[in-house]
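Take a look at the letters that make up each chain.
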Protein chains: 2
Amino acid sequence: MTYCAGLLVQDGLVMIADTRTNAGLDDISTFRKLHVFSWPGERTFALATAGNLSVTQSVVSLLHEGVHNPETGELDTLIGVTSMFRAAQLVGRAVRAVREMDGEALSEAGVKFDISMLFGGQIKGQPMRLFMVYGAGNFIECGMDAPFLQIGEHKYGKPILDRAVTFRTHLYDALKVGLISMDSTMRSNLGVGLPIDFIVMRRDADEPELNRRIEAGEPYFHDLRERWSAALRAAHTAIPRPPYGPTTG
Amino acid sequence: MTYCAGLLVQDGLVMIADTRTNAGLDDISTFRKLHVFSWPGERTFALATAGNLSVTQSVVSLLHEGVHNPETGELDTLIGVTSMFRAAQLVGRAVRAVREMDGEALSEAGVKFDISMLFGGQIKGQPMRLFMVYGAGNFIECGMDAPFLQIGEHKYGKPILDRAVTFRTHLYDALKVGLISMDSTMRSNLGVGLPIDFIVMRRDADEPELNRRIEAGEPYFHDLRERWSAALRAAHTAIPRPPYGPTTG
């Protein structure tokens, strides 16, 4: 399983991904699901992936090597695209290329071609954008009304995002709330686990401001989890008990 | 969609269910999903249902009318069972009876026989128990380690239950936390909505202590939602921003 969230706020973009993969509960390991493609001063993209690991890793490899363009006969790459929209289309084409290569064999083996991805970034001089790419290679774009997108096990961590994130949220508050959302997910679903990778991209900056991994025991995240637990405990304790009196009916 | 939770704590049982049903987003209405079978002084059972409404309503009707017993030729009813285990088995048999009647036609129409139920209660002089009954009529029992069960859209509201409920939780705190869990679900999923039905059964009492509906605008629940929102806002605001400094890598 997987949980990834992307938050696109006024000052920039945060993308967070866990690293736990499992092929059955008895085969759990750690794989990077957040991939950064950066040409400092020119363009930076980040891709967070959920779903079948062989498929998503192939998509990442294709994006590095270039996706065959049947019209020109050339390999299209992320350094060559002229807009974020074209970049998202390229990711979609990479997904379709993998489906073409592996889809039939996977289907015969009873494996679903079931993936989704968050793809965000900025090309210098153009708007910063965030997309969710589906298994058919189509995609939607994150807007200002609900300035986040999620993939994987997204339901546990959605309530706090719904409540706490607006387009005007401070960039590092967006990171903080994203980490709380990740914490809620990890607590309720063993399929999502540490370490956590994240990237912070400030709008119009020349390169990612932060591209880090949080390991177990990392002091800030540990403190965040403790504080959040204590605050939730205090919050529900402070709410009065229901005043309803005994009745039957 | 649906969200129902059952909490079995030291002093008793709380069961909560929303009432929203939808056959497509353009066909939303209100149906009771929490059903109480009570013989004061003798036994009380509560059944909360999720999934295909025609199936779950048929199960409830069968439980009222009695489930045919092929060995005795008689109709078995909840008033006749000798233990909570037998009662849960009877619910499972009712599910299987509906599958036998309707399963093939549903399948031909492309409708999944996809239901789940929470079934809890107590027979005088015996332990209070809570079960989750699946679409195959099999069931699991709630234990003391994680003293709650959920059906339907359960993920949004699971984190708060994971954090806040233990077997020693006060009965009305269990109700309160269950309502917070319902609130989190309603905020993030339009398929779950007011009014909410709930029942509170105190262990070894002669009848349900509370069997009520919360409508929109009900003062306590409105206040709970406001307080919870404010407390969550205060909680994430109080956590310091991440101290990570700019790096790339």
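What counts as what
- Residues numbered from 1 in each chain as written.
- Chains lettered and ligands numbered in written order.
- Predicted model: local features only at pLDDT ≥ 70, side-chain atom pairs only at ≥ 80, totals over all residues.
- Heavy atoms only, no water.
- Phe/Tyr/Trp six-rings, centres within 6.5 Å; stacked < 30°, edge-to-face > 60°.
- Buried < 20%, exposed > 50% of the residue type's maximum accessible area, 1.4 Å probe, protein only.
- Contact = heavy atoms within 4.5 Å.
- Buried area = accessible area lost by both parts, 1.4 Å probe.
- Salt bridge = Lys/Arg side-chain N within 4 Å of Asp/Glu carboxyl O.
- Polar contact = N/O pair within 3.5 Å; in protein donor to acceptor, adjacent residues only side chain to side chain.
- Helix = DSSP H or I, 4+ residues; strand = E, 2+ residues; numbered from the N terminus.
- Nonpolar A, V, L, I, M, F, W, Y, C, P; charged D, E, K, R; others polar.
- 1 Å grid on protein atoms, 1.4 Å probe; cavity = no way out; pocket = protein on both sides within 12 Å on 5 of 7 lines; lining within 4 Å.
- Points joined across faces, edges and corners; volume = space filled by probe spheres on them.
- Pairing = 2+ DSSP bridges.
- Axes fitted to C-alpha atoms, helices over the stretch in contact; angles between N-to-C directions.
- Least-squares fit on C-alpha atoms with pLDDT ≥ 70 in both.
- Parallel < 35°, antiparallel > 145°, perpendicular 65-115°, else oblique.
- Left-handed = near helix turned anticlockwise from the far one by under 90°.

Naming follows an unreviewed UniProt entry, where chain A appears as Peptidase of Bosea caraganae.

S.K.: Before we go on, may I ask you to explain the packing of aromatic side chains in this structure?
M.R.: Two measures describe an aromatic ring pair: the distance that separates the ring centres and the angle between the ring planes. Evaluation of the coordinates by the stated rule reveals 12 aromatic pairs over all chains. An angle of 75° between the planes, with centres 6.3 Å apart, marks the rings of Trp39 of chain B and Phe45 of chain B as edge-to-face. Here Phe45 of chain B falls in the buried class, since its relative accessible area comes to 0%. Members of the aromatic cluster, connected to one another through ring pairs, are Trp39, Phe45 and Phe119 of chain A.

S.K.: Sorry, what's going on with the interface of chain A and chain B here?
M.R.: As a measure of interface size, the accessible area lost when the parts come together is often cited. Each side of the interface is counted separately: chain A has 52 residues, and chain B has 53 residues. Here chain A meets chain B over a buried area of about 4,800 Å², counting both sides, of which 60% is carbon and sulfur. Counting the surface chain A buries against chain B, the share from its top three residues, Arg163, Ile239 and Tyr244 of chain A, is 18%. Linking chain A with chain B are six salt bridges. Along the contact surface separating chain A from chain B lie 22 residue pairs in polar contact (both at pLDDT 80 or more). Looking at the side of chain A that touches chain B element by element, the count peaks at 12 residues for helix 5 (residues 219-238) of chain A. When grouped by side-chain class, the residues that make up the side of chain A that touches chain B number 26 nonpolar, 11 polar and 15 charged.

S.K.: It is not clear to me how the layout of surface pockets should be interpreted in this structure. Could you clarify?
M.R.: Gaps left between atoms show up when a probe the size of a water molecule is rolled over them. All names here are of chain B. Taken as a whole, the largest pocket holds about 670 Å³ of empty space. Residue lining of the largest pocket: 31 residues in total, with Met1, Thr2, Ala50, Gly51 and Gly152 positioned closest to the centre. Looking at the lining of the largest pocket, the elements with two or more residues in it are strand 3 (20-22), strand 6 (43-51), helix 1 (53-65), strand 9 (115-123), strand 12 (148-152) and helix 3 (158-164). Broken down by element, the lining of the largest pocket gets its largest block of residues, five residues, from strand 12. By residue class, the composition of the lining of the largest pocket is 11 nonpolar, 12 polar and eight charged.

S.K.: Just checking my understanding: could you explain the sheet that holds strand 14 (residues 210-214) of chain A for this structure?
M.R.: Whether parallel or antiparallel, the strands of a sheet pair through hydrogen bonds between backbone atoms. Residue and element names in this part refer to chain A. Pairing is antiparallel across the open sheet formed by five strands, whose spatial order is 12-1-2-13-14. The sheet is open, and its two borders are formed by strand 12 (148-152) and strand 14, each paired with just one other strand. Taking each pair of neighbouring strands and ignoring which way they run, the sheet shows an average axis angle of 10°. Bridge analysis of strand 1 (residues 3-9) against strand 12 gives five bridges, and the strand direction is antiparallel. For Ala5, the partnering residue across the bridge sits in strand 12 and is Gln150.

S.K.: Help me out: how do you make sense of empty space enclosed by the protein in this one?
M.R.: For the structure on display, the rule yields one cavity of 30 Å³ or more. Its boundaries defined by the atoms lining it, the largest cavity holds a volume of some 170 Å³. Listed by contribution, the elements that provide at least two residues to the lining of the largest cavity are helix 3 (158-164) and helix 5 of chain A together with helix 3 and helix 5 (219-238) of chain B. For the lining of the largest cavity, the class distribution of residues is 10 nonpolar, two polar and one charged.

S.K.: What exactly am I supposed to notice about the sheet that holds strand 11 (residues 139-141) of chain A here?
M.R.: Residues and elements named next belong to chain A. Reading across the sheet, the five strands line up as 5-6-9-10-11 and stay open at both edges, with antiparallel pairing between neighbours. Each having just a single partner strand, strand 5 (34-39) and strand 11 make up the two edges of the open sheet. Going across the sheet, the axis of each strand differs from the next one's by a mean of 20°, ignoring polarity. Across nine bridges, strand 6 (residues 43-51) lies against strand 9 (residues 115-123) in antiparallel orientation. Across the sheet, residue Thr49 finds its bridge partner in strand 9, namely Met117. The sheet contacts of helix 1 (residues 53-65) involve strand 5, strand 6 and strand 9, and relative to strand 6 the element is tilted by about 160°. Helix-sheet contacts for helix 2 (residues 84-108) involve strand 6, strand 9, strand 10 (129-134) and strand 11, and the interaxial angle to strand 9 is about 150°.

S.K.: Help me understand the relation of the copies chain A and chain B, please; the structure alone is not making it clear to me.
M.R.: Relative to chain B, chain A is turned by 180° and slid 0.0 Å along the rotation axis, the superposed coordinates differing by an RMSD of 0.0 Å. Put plainly, the chains are arranged around a two-fold axis. For chain A, the minimum C-alpha distance to the rotation axis belongs to Tyr156 of chain A and amounts to 2.3 Å. A share of 100% of the interface residues of chain A reappears at the interface of chain B, consistent with the copies meeting face to face through the same patch.

S.K.: When you look at the packing of helix 1 of chain B against helix 2 (residues 84-108) of chain B in this model, what are you seeing that I'm missing?
M.R.: Angle between the axes and distance between the axes: these two values describe a pair of packed helices. Residue and element names in this part refer to chain B. Where helix 1 meets helix 2, the closest approach of the two axes is 9 Å, and the angle between their N-to-C directions is 130°. Taken together, helix 1 and helix 2 sit at an angle that is classed as oblique. Note that helix 1 runs across helix 2; the crossing there is right-handed. Packed against helix 1, whose contacting residues are Val55, Ser58, Val59, Leu62 and Leu63, the element helix 2 presents Leu90, Val91, Ala94, Val95, Ala97, Val98, Met101, Asp102 and Leu106 at the interface. Grouping the constituent residues of the contact of helix 1 with helix 2 by class yields 12 nonpolar, one polar and one charged.

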